[in-house]
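Here is what each chain is made of, one letter per residue.
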Amino acid sequence: MNIIKLNAINSTNDYLKTLSGAQYLENFTVVVAENQTKGKGQMGAKWNTAPGKNLTFSVLIKDLLLGINEIFNLNVAVAVSILQALEKHNVDKLSVKWPNDILAGNKKIGGILIENSIKNSGEIFSVVGIGLNVNQTDFEGLPKASSLAVVCGHEFDKIDVLEGIVINLKRNVASLLHKNVDPLWVAYHKNLYKRGVPMPFEKDDKKFMGIIQGVTRSGNLELLLEDDTMAEFKIKELQMLY
């Protein structure tokens, strides 16, 4: 496993994208930083983390030929890989909050940001950014945040957790290459936060109730609305109130 360890960097995703453009890197090269000063979340949101306490890393995935309508399969594979790795560390009540938040109970412990570069040949290079709260215990001002240490009551070896995630990711990406995506989707839906439960949502400052039915292969959230109609919503188009 090729792991590049950095003390501090603005963004592991940006660093890995620049490095992969400047030189040859083997598939599944990992860049991990003790301190990420300008971490990114979905749609430009910031990912803040305590220096030295947590995992902030990025993984290069190449030679994965997916159609444009299949890109969300990689999101599913990454989310499932994280859950599988954490389950081996006996982390309870894990789930994926659509599209890419990792939760333990009702608390967010991790997030995923995937940035894809589509080449002229149609090949997609993906930089998978993962932020995981590991040993941080102080989340003042962040009532919905937690960590593995808080949930489990003990500290973790961060590199051991990282390696477990990457091992699972390699296996699950191989499933994508062999078009064996259904088991990954089954696992994703099985662990989808609040699936089948009436929940309040907000869109354009309007609140409404809905029941999550699942996620489409293109990554849209499927909701059953109060009038018994089905509706699909794109990423960041609505907010779950929980």
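Here we summarise the structure given alongside this text. Owing to the predicted nature of the structure, the values given are computational and were not obtained by experimental measurement.

The next point concerns helix 4 (residues 158-177). Here helix 4 is 20 residues long and its end C-alpha atoms lie 29 Å apart, about the 28 Å a rise of 1.5 Å per residue gives. All of the buried residues in helix 4 are Lys-158, Val-161, Leu-162, Gly-164, Ile-165, Val-166, Asn-168, Leu-169, Asn-172, Val-173, Ser-175 and Leu-176. Measuring from the side-chain oxygen of the N-cap residue of helix 4 to the backbone nitrogen of Ile-159 gives 3.1 Å; that N-cap residue is Asp-157. Residue Lys-179 follows helix 4 closely and has a positive phi angle near 60 degrees.

Burial in helix 5 (residues 182-190) covers these residues: Leu-184, Trp-185, Ala-187, Tyr-188 and His-189. Looking at the packing, one finds that the buried side of helix 5 touches helix 2 (72-87), strand 6 (94-97), helix 4 and strand 11 (206-215).

With that settled, consider the side chain of Lys-62. Here Lys-62 shows up in strand 5 (residues 55-64). Within the structure, the side chain of Lys-62 is placed 2.3 Å from the backbone oxygen of Leu-25, a separation counted as a polar contact. Once residues lying within four places of it in the same chain are set aside, the contact partners of Lys-62 are Tyr-24, Leu-25, Glu-26, Asn-27, Ile-124 and Phe-125.

Next up on the list: the sheet that holds strand 8 (residues 107-118). Two orientations exist for strands paired in a sheet by backbone hydrogen bonds: parallel and antiparallel. Reading across from one edge, 1-2-5-9-8-7-6 is the order of the seven strands in this open sheet, with mixed pairing throughout. One side of each edge strand has no neighbouring strand; the edge strands of this open sheet are strand 1 (3-9) and strand 6. When strand polarity is set aside, the average angle formed by the axes of neighbouring strands in this sheet is 20 degrees. With eight bridges joining them, strand 5 and strand 9 (residues 124-132) adopt antiparallel strand pairing. Residue pairing in the sheet places Ile-61 in a bridge with Ser-126 of strand 9. The strands touched by helix 1 (residues 12-22) are strand 1, strand 2 (30-36), strand 5, strand 8 and strand 9; relative to strand 5, the strand with the most contacts, the crossing angle is about 35 degrees.

Counted by the stated rule, this structure contains six aromatic pairs. Relative to Tyr-188, the ring of Phe-72 lies with its centre 6.2 Å away and its plane at 90 degrees, an arrangement referred to as edge-to-face. Separated by 116 residues along the polypeptide, Phe-72 in helix 2 and Tyr-188 in helix 5 bring together distant segments of the chain. Of the two residues, Phe-72 and Tyr-188, both sit in the buried class. An angle of 70 degrees between the planes, with centres 5.8 Å apart, marks the rings of Trp-185 and Tyr-188 as edge-to-face. With a gap of three residues between them, Trp-185 and Tyr-188 both fall in helix 5, about one helical turn apart. Using a relative accessible area of 0% as the deciding quantity, one classes Tyr-188 as buried. Note that Lys-144 overlies the ring of Tyr-242, its terminal NZ or CZ placed 4.3 Å from the centroid.

This part is about the sheet that holds strand 14 (residues 239-240). Here five strands make up an open sheet; going across it, the order is 13-12-11-10-14 and the pairing antiparallel. If you trace the sheet from one side to the other, it starts and ends with strand 13 (230-233) and strand 14, each paired once. Summarising the sheet, strand 12 (residues 221-225) and strand 13 pair through four bridges and their orientation is antiparallel. Paired with Glu-222 across the bridge in strand 13 is Glu-232.

This next bit is on the nonpolar core. In a soluble, globular protein the nonpolar side chains are often hidden away together inside. The biggest cluster of nonpolar side chains holds 62 residues, and the ones touching the most others in it are Phe-57, Leu-86 and Tyr-188. Considering every element that reaches this core, the biggest residue donor is helix 2, with eleven residues. With residues up to four places along the chain from it excluded, the contact list for Leu-86 reads Val-91, Leu-94, Ile-102, Ile-109, Leu-132, Leu-148 and Val-161. If you look at the next biggest cluster of nonpolar residues, it comprises eight residues, including Leu-25, Val-31, Leu-60 and Val-127.

Cut-offs and rules
Residues numbered from 1 in each chain as written. Predicted model: local features only at pLDDT ≥ 70, side-chain atom pairs only at ≥ 80, totals over all residues. Heavy atoms only, no water. Helix = DSSP H or I, 4+ residues; strand = E, 2+ residues; numbered from the N terminus. Expected span 1.5 Å × (residues − 1). Buried < 20%, exposed > 50% of the residue type's maximum accessible area, 1.4 Å probe, protein only. Polar contact = N/O pair within 3.5 Å; in protein donor to acceptor, adjacent residues only side chain to side chain. Contact = heavy atoms within 4.5 Å. Pairing = 2+ DSSP bridges. Axes fitted to C-alpha atoms, helices over the stretch in contact; angles between N-to-C directions. Phe/Tyr/Trp six-rings, centres within 6.5 Å; stacked < 30°, edge-to-face > 60°. Lys NZ or Arg CZ within 6 Å of the ring centre and 35° of its normal. Core = buried A, V, L, I, M, F, W, Y, C linked by side-chain atoms within 4.5 Å.

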